[in-house]
Amino acid sequence: MSLKNFLSENIALFMIFPAIILIFPLFLIPLASILIVSFFKHSPAQSLWIPELTIENYANVITSPLFIDVLILTIRIAVAVMVLSLILGYPIAYYIARSPSNFVKRTLLIISVLTFFMSWVPRLFAWIIILGKYGVINTMLRIITEEPIKLLGTELGIIIGLTHAMTPLTALILINPIKNIDLTLEDSAKSLGANYIQTFFKITLPLSLPGIISALILTYSVAVSAFITPMMLGQGITLMMSNYVYTRFGETFNFPLGATLAVVLLIVALTTSYIINLSLGKLVKMR
């Protein structure tokens, strides 16, 4: 086989080779290190850890009521953000994909993309002002009730902040799947007597399910591992798993336990993402 034929047949392998070179030292080696440290013993008197293999860390994590509570809270927040981002992001994506005005399409698309160029920290400080005791929301609610509603340091506050961050991402993922739907199918449904709502739920929504699945899995994966948003909006009162892992590393310096929590979080995130993908994939096949 000539060199030219070999290169043409393996072009895909050569294209991903640089990514493989970067992934190995920047992702796989640190991940393997975390996995190894998770089986070590913690000894503050001697060092950060002792290289003696044990499963005690995993036993302590699995039997810890605090860990179970934080894990359930993390999954509950991630699922809520996943669903809310879809509810808010789908109409935005639909309008961008179906708008007859190219100017409107470009403007909304640019606005959606520009949100990723803004740091999360200033946006979260804005949410702290909005959700605070004397913020915009509580100021408006004083018309109805004298007592302010506690939003900072609560599960609801974190969900609001993460939904705000994930909605543009969901919209950008859904634009192409909606845009690629053949409009003649919708026109045929309408010509057969279906109204706009029936056409949407019978034609548009089912055909956009692959894009919806991608959006749900991606937003869930980002939300379940969120750190800065729950740290700032949770106010140290409501912790998600990433914050809980950070406290083991940064505050107690229990590196083996922190590594164990990180490994468990990764396993839970991958498992739940797979379950979501499998469940929604069956729905697509049924359609």
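Residues numbered from 1 in each chain as written. Predicted model: local features only at pLDDT ≥ 70, side-chain atom pairs only at ≥ 80, totals over all residues. Heavy atoms only, no water.

Peer 1: So what exactly am I meant to see when it comes to unusual backbone geometry here?
Peer 2: Trans peptide bonds make up the majority, and among non-glycine residues the majority have a negative phi. The backbone of Gln 235 shows a phi angle near 60°, a positive value even though the residue is not glycine. Mapped onto the fold, Gln 235 is located in the loop between helix 12 (228-233) and helix 13 (241-251). (Helix = DSSP H or I, 4+ residues; strand = E, 2+ residues; numbered from the N terminus.)

Peer 1: Can you walk me through the confidence of the model for the chain in this structure?
Peer 2: Any segment with low pLDDT has predicted coordinates that should not be analysed in fine detail. Residues at a pLDDT of 70 or more form 92% of the chain, whose mean pLDDT is 82. The lowest-confidence element of the chain is helix 1 (residues 3-9), averaging 60 in pLDDT; the highest-confidence one is helix 4 (residues 65-98), averaging 91. (pLDDT = per-residue confidence, 0-100.)

Peer 1: Even after reading the chapter, I still don't get empty space enclosed by the protein, so can you show me in this structure?
Peer 2: Where empty space is left becomes clear once a probe the size of a water molecule has been rolled over the atoms. Applying the stated criterion to the full structure yields 2 cavities of 30 Å³ or more. Empty space within the largest cavity amounts to approximately 40 Å³. Together, Trp 120, Arg 123, Leu 124, Trp 127, Gly 161, His 164, Ala 165 and Thr 229 line the largest cavity. Looking at the lining of the largest cavity, the elements that each hand over two or more residues are helix 6 (120-131) and helix 8 (155-179). With 4 residues, helix 6 is the single largest residue contributor to the lining of the largest cavity. Across the lining of the largest cavity, the residue classes break down as 4 nonpolar, 3 polar and 1 charged. Size it by volume and the second largest cavity reaches roughly 30 Å³. (1 Å grid on protein atoms, 1.4 Å probe; cavity = no way out; pocket = protein on both sides within 12 Å on 5 of 7 lines; lining within 4 Å. Points joined across faces, edges and corners; volume = space filled by probe spheres on them. Nonpolar A, V, L, I, M, F, W, Y, C, P; charged D, E, K, R; others polar.)

Peer 1: Explain a nonpolar patch on the surface here, please?
Peer 2: A cluster of nonpolar side chains, Ile 23, Phe 24, Phe 27, Leu 28, Ile 29, Leu 31, Leu 266 and Leu 270, forms an exposed patch at the surface whose accessible area comes to about 720 Å². At the level of elements, helix 2 (11-37) and helix 14 (255-286) are the ones that each hand at least two residues to the nonpolar patch. The element best represented in the nonpolar patch is helix 2, accounting for 6 residues. Tracing the backbone shows Leu 31 in helix 2. Owing to a relative accessible area of 32%, Leu 31 belongs among the partly exposed residues under this scheme. (Patch = residues over 30% accessible without salt bridge, like charges linked within 9 Å, V, L, I, M, F, W, Y side chains within 5 Å. Areas by Shrake-Rupley, 256 points an atom, 1.4 Å probe, with all protein chains shown as cover. Salt bridge = Lys/Arg side-chain N within 4 Å of Asp/Glu carboxyl O. Buried < 20%, exposed > 50% of the residue type's maximum accessible area, 1.4 Å probe, protein only.)

Peer 1: How should I be thinking about the nonpolar core in this particular structure?
Peer 2: Side chains of nonpolar character tend, in soluble globular proteins, to be buried together. Core analysis: the biggest nonpolar cluster contains 42 residues, and Ile 77, Val 81, Tyr 90, Leu 162, Leu 174, Ile 178 and Ile 212 have the highest contact counts within it. When residues in this core are grouped by element, the largest group, 11 residues, is from helix 4. If you look at the next biggest cluster of nonpolar residues, it comprises 14 residues, including Leu 71, Met 241, Val 263 and Leu 265. (Core = buried A, V, L, I, M, F, W, Y, C linked by side-chain atoms within 4.5 Å.)

Peer 1: Whenever I open this one, the side chain of Ser 85 confuses me. Can you help?
Peer 2: With respect to the helices and strands, the residue Ser 85 is situated in helix 4. At 2.7 Å, the side chain of Ser 85 forms a polar contact with the backbone oxygen of Val 81. In contact with Ser 85, other than residues within four places in its own chain, are Tyr 90, Thr 163, Met 166, Thr 167 and Thr 170. (Polar contact = N/O pair within 3.5 Å; in protein donor to acceptor, adjacent residues only side chain to side chain. Contact = heavy atoms within 4.5 Å.)

Peer 1: How do you make sense of the layout of surface pockets when you look at a structure like this?
Peer 2: In this structure, the largest pocket encloses a volume near 180 Å³. Taken together, Leu 86, Ile 87, Tyr 90, Pro 91, Tyr 94, Tyr 196, Phe 200, Leu 205 and Ile 212 form the lining of the largest pocket. Elements with a contribution of two residues or more to the lining of the largest pocket: helix 4 and helix 10 (196-207). Counting residues per element, the lining of the largest pocket draws most heavily on helix 4, at 5 residues. Grouping the constituent residues of the lining of the largest pocket by class yields 9 nonpolar, no polar and no charged.

Peer 1: Just checking my understanding: could you explain the packing of aromatic side chains for this structure?
Peer 2: Counting across every chain of the model gives 5 aromatic pairs. Consider the rings of Phe 200 and Phe 201, whose centres lie 5.2 Å apart with planes at 85°: the pair is edge-to-face. Each ring, one from Phe 227 and one from Tyr 246, has its centre 5.5 Å from the other, and the planes form 65°; the classification is edge-to-face. Of this pair, Phe 227 sits in the loop between helix 11 (209-224) and helix 12 while Tyr 246 sits in helix 13, placing them 19 residues apart in sequence. (Phe/Tyr/Trp six-rings, centres within 6.5 Å; stacked < 30°, edge-to-face > 60°.)

Peer 1: When you look at the environment of Ala 194 in this model, what are you seeing that I'm missing?
Peer 2: Relative to the elements of secondary structure, Ala 194 occurs in the loop between helix 9 (183-191) and helix 10. Among all residues touching Ala 194, those that are not within four sequence positions of it are Ala 189 and Thr 199.

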